[in-house]
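Chain by chain, the residues run as shown.
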Amino acid sequence: MSVDTGPGKIDAEYAIEYLQEHPEAGLCCEDRRWWITPNANETDRQVLLLDGIEAERLKDNPRLRLVSGIAHRGRSLWILRRMT
């Protein structure tokens with residue numbers, strides 16, 4: 001019998017791959033906690049977790065952009081830039 005232990009910790013390289021494969025996903029930060037949400041419109045859900053060092057590397061990736069004015073106070077969200 002398998003037990004779901006929740007989201008696992010990942011590195012920045014895997015996270016950017018996930019975001020590229022799931023363009024509706026986003027990187028979230030709140031109170032020094034970092035996670036990937038499967039849907040940037042619903043930032044409470046967590047599918048992958050990152051530690052602070054990996055998250056800082058990821059958020060500085062030029063393929064991501066910070067979204068301003070999200071509904072959760074104190075929470076930040078980054079999504080993939082639309083490349084044309």
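Criteria and thresholds
Residues numbered from 1 in each chain as written. Predicted model: local features only at pLDDT ≥ 70, side-chain atom pairs only at ≥ 80, totals over all residues. Heavy atoms only, no water. Core = buried A, V, L, I, M, F, W, Y, C linked by side-chain atoms within 4.5 Å. Buried < 20%, exposed > 50% of the residue type's maximum accessible area, 1.4 Å probe, protein only. Helix = DSSP H or I, 4+ residues; strand = E, 2+ residues; numbered from the N terminus. Contact = heavy atoms within 4.5 Å. pLDDT = per-residue confidence, 0-100. Arc of directions from axis to C-beta. Salt bridge = Lys/Arg side-chain N within 4 Å of Asp/Glu carboxyl O. Polar contact = N/O pair within 3.5 Å; in protein donor to acceptor, adjacent residues only side chain to side chain.

**Quick word on the nonpolar core**
Next, step 1: Leu19, Leu27, Trp34, Ile36, Leu50, Leu58 and Leu64 are the most contacted members of the largest nonpolar core, which totals 18 residues.
Next, step 2: Among the elements of the structure, helix H1 (12-21), strand S2 (26-30), strand S3 (33-37), strand S4 (48-50), helix H2 (52-59) and strand S6 (75-80) are those that each provide at least two residues to this core.
Next, step 3: Among the elements that make up this core, the one with the highest residue count is H1 (5 residues).
Next, step 4: Residue contacts for Leu27: discarding those within four places in its chain leaves Leu19, Trp34, Trp35, Ile36, Leu50, Ala55, Leu58, Lys59, Leu64, Ser76, Leu77 and Trp78.
Next, step 5: In terms of nonpolar packing, the next biggest core, distinct from the first, is built from 5 residues, Cys28, Trp35, Ala40 and Leu77 among them.

**Remarks on the confidence of the model for the chain**
Next, step 1: This prediction gives the chain a mean pLDDT of 88; 88% of its residues lie at or above 70.
Next, step 2: The low-confidence segment residues 1-5 (pLDDT under 50) makes 0 contacts with residues lying over four places distant or belonging to another chain.

**Overview of H1**
Next, step 1: The set of residues buried in H1 consists of Ala12, Ala15, Ile16, Tyr18 and Leu19. For H1, the angular spread of buried residues about the axis comes to 160 degrees, placing them on one side.

**Examining the pattern of salt bridges**
Next, step 1: Going through the model one piece at a time under the given rule, you end up with 7 salt bridges.
Next, step 2: The residue Glu54 makes a salt bridge to Arg57 at a minimum N-O spacing of 2.9 Å. A residue pair is termed a helical-turn pair when its members lie 3 or 4 positions apart in one helix, as Glu54 and Arg57 do in helix H2 at 3 residues.
Next, step 3: A residue is classified by how much of its surface remains accessible, and Glu54, at 15% relative accessible area, is buried.
Next, step 4: A relative accessible area of 42% places Arg57 in the partly exposed class.
Next, step 5: Close ionic contact of Lys59 with Asp60 constitutes a salt bridge, the shortest N to O distance being 3.3 Å.
Next, step 6: Among the charged side chains, a network of salt bridges with common partners joins Glu30, Arg33, Asp44 and Arg75.

**Description of H2**
Next, step 1: Of the positions making up H2, those classed as buried are Glu54, Ala55 and Leu58. The buried side chains of H2 occupy one side of the element, clustering within an arc of 100 degrees when seen end-on.
Next, step 2: Where H2 starts, the residue carrying a side-chain oxygen 3.3 Å from the main-chain nitrogen of Ile53 turns out to be Asp51.

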